[in-house]
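Descriptive structure summary
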Amino acid sequence: MLGILAPLLGMLIYYLVAFLPRHVPFTEYLGYMKQYKSLLTAVSSISLVANAVLFTIYINSRKDKTARGVFVATLLYGITVLLIKLF
C-alpha cells in the first residue's frame, strides 16, 4: 500500500507547488497530464522519488518484505506510466 500511496502523494505535492498558486483546478491538472506527455514525465519522476525514499528507509531498517513491496509497486507504477506515454 505504501508503494502505491507515496506516488499519489508526490503527484499531489507537485500539484500544490506548481499549479495551485496559478488557481488551476485539480481536474484540469489531470487533463494537462493527459495532454502533455512531458508533464506526465515530470510528475511521475517526482512520484517515483517518493517511492525511492520509502524503499531506502525500509531497506536500511531491514524490513525486507516491505521494501520488496515498495519496489514491486514502483515497477508497476513505472510500467503503467510508460504504457500511458506510448499509447
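Positions within a chain are numbered from 1, following the residues in the order the chain's sequence is written. Residue-level local features of this predicted model are given only where pLDDT is at least 70; pairs of side-chain atoms are given and counted only at 80 or more, and the full residue set underlies all totals for whole chains, interfaces and linings. Hydrogens and water molecules were not included; the side-chain quantities draw on all heavy atoms of the structure.

**A word on the overall build of the protein chain**
As a reminder of what qualifies: Helix and strand labels come from DSSP, where a helix needs a run of H or I of at least four residues and a strand needs a run of E of at least two; each type is numbered from the N terminus. Exposure classes here rest on a 1.4 Å probe applied to the protein chains alone. A residue is buried below 20% of its type maximum, exposed above 50%, and partly exposed in between.
Check the secondary structure of the protein chain and you find 4 helices and 0 strands. Helices and strands appear in the protein chain in the N-to-C order α-α-α-α. In terms of principal-axis extent, the alpha carbons of the protein chain reach across some 40 × 30 × 15 Å. Here the protein chain, with 87 residues, has 26% of them falling under the buried criterion.

**Observations concerning the packing of helix H1 (residues 2-18) against helix H4 (residues 64-86)**
Convention followed: Structural elements are reduced to axes, namely lines fitted to C-alpha atoms, with helices fitted over the stretch in contact, and the angle between N-to-C directions of any two is expressed from 0 to 180 degrees. Each angle receives one of four descriptions, namely roughly parallel if under 35 degrees, roughly antiparallel if over 145, roughly perpendicular if within 65 to 115, and oblique otherwise. The contact criterion used throughout is that any non-hydrogen atoms of two residues lie within 4.5 Å.
One way to put it is that H1 packs onto H4 with a least axis distance of 7 Å and a crossing angle of 55°. The orientation of H1 relative to H4 falls into the category oblique. Of the residues in H4, those in contact with Leu2, Gly3, Ile4 and Pro7 of H1 are Thr66, Val70, Ala73 and Tyr77.

**Points about the side chain of serine 44**
The test is simple: Whenever a nitrogen or oxygen atom comes within 3.5 Å of another N or O atom, the pair is scored as a polar contact, on the condition that within protein one atom can donate a hydrogen and the other can accept it, and that pairs from neighbouring residues in sequence are kept only if both atoms are in side chains.
Within the secondary structure, serine 44 sits in helix H3 (residues 37-60). A residue is classified by how much of its surface remains accessible, and serine 44, at 7% relative accessible area, is buried. There is a polar contact of 3.0 Å between the side chain of serine 44 and the backbone oxygen of threonine 41. With near-sequence residues (within four places) excluded, serine 44 lies in contact with Tyr77 and Val81.

**Section: the layout of surface pockets**
For clarity, the cut-off: For each structure, a 1 Å grid was placed over the protein atoms alone; sets of points admitting a 1.4 Å probe that cannot get out are labelled cavities, open sets with protein on both sides within 12 Å along at least five of seven lines are labelled pockets, and lining residues have an atom within 4 Å of a point. Grid points are joined across faces, edges and corners, and a volume is the space filled by probe spheres set on the points.
Considered as a void within the structure, the largest pocket measures approximately 210 Å³ in volume. Forming the boundary of the largest pocket are 13 residues, of which Met33, Leu40, Tyr77, Val81 and Ile84 lie nearest the centre. Listing elements by their share of the lining of the largest pocket, those giving two or more residues are H1, helix H2 (26-35), H3 and H4.

**Considering H1**
For the record, the criterion: How far a helix is expected to stretch is found by multiplying one less than its residue total by 1.5 Å.
Given a rise of 1.5 Å per residue, 17 residues ought to cover 24 Å, and the 24 Å separating the end C-alpha atoms of H1 matches this to within 8%. Every buried residue of H1 is listed here: Gly3, Ala6, Pro7, Gly10, Met11, Tyr15 and Ala18. On the buried face of H1, the contacting elements are H2, H3 and H4.

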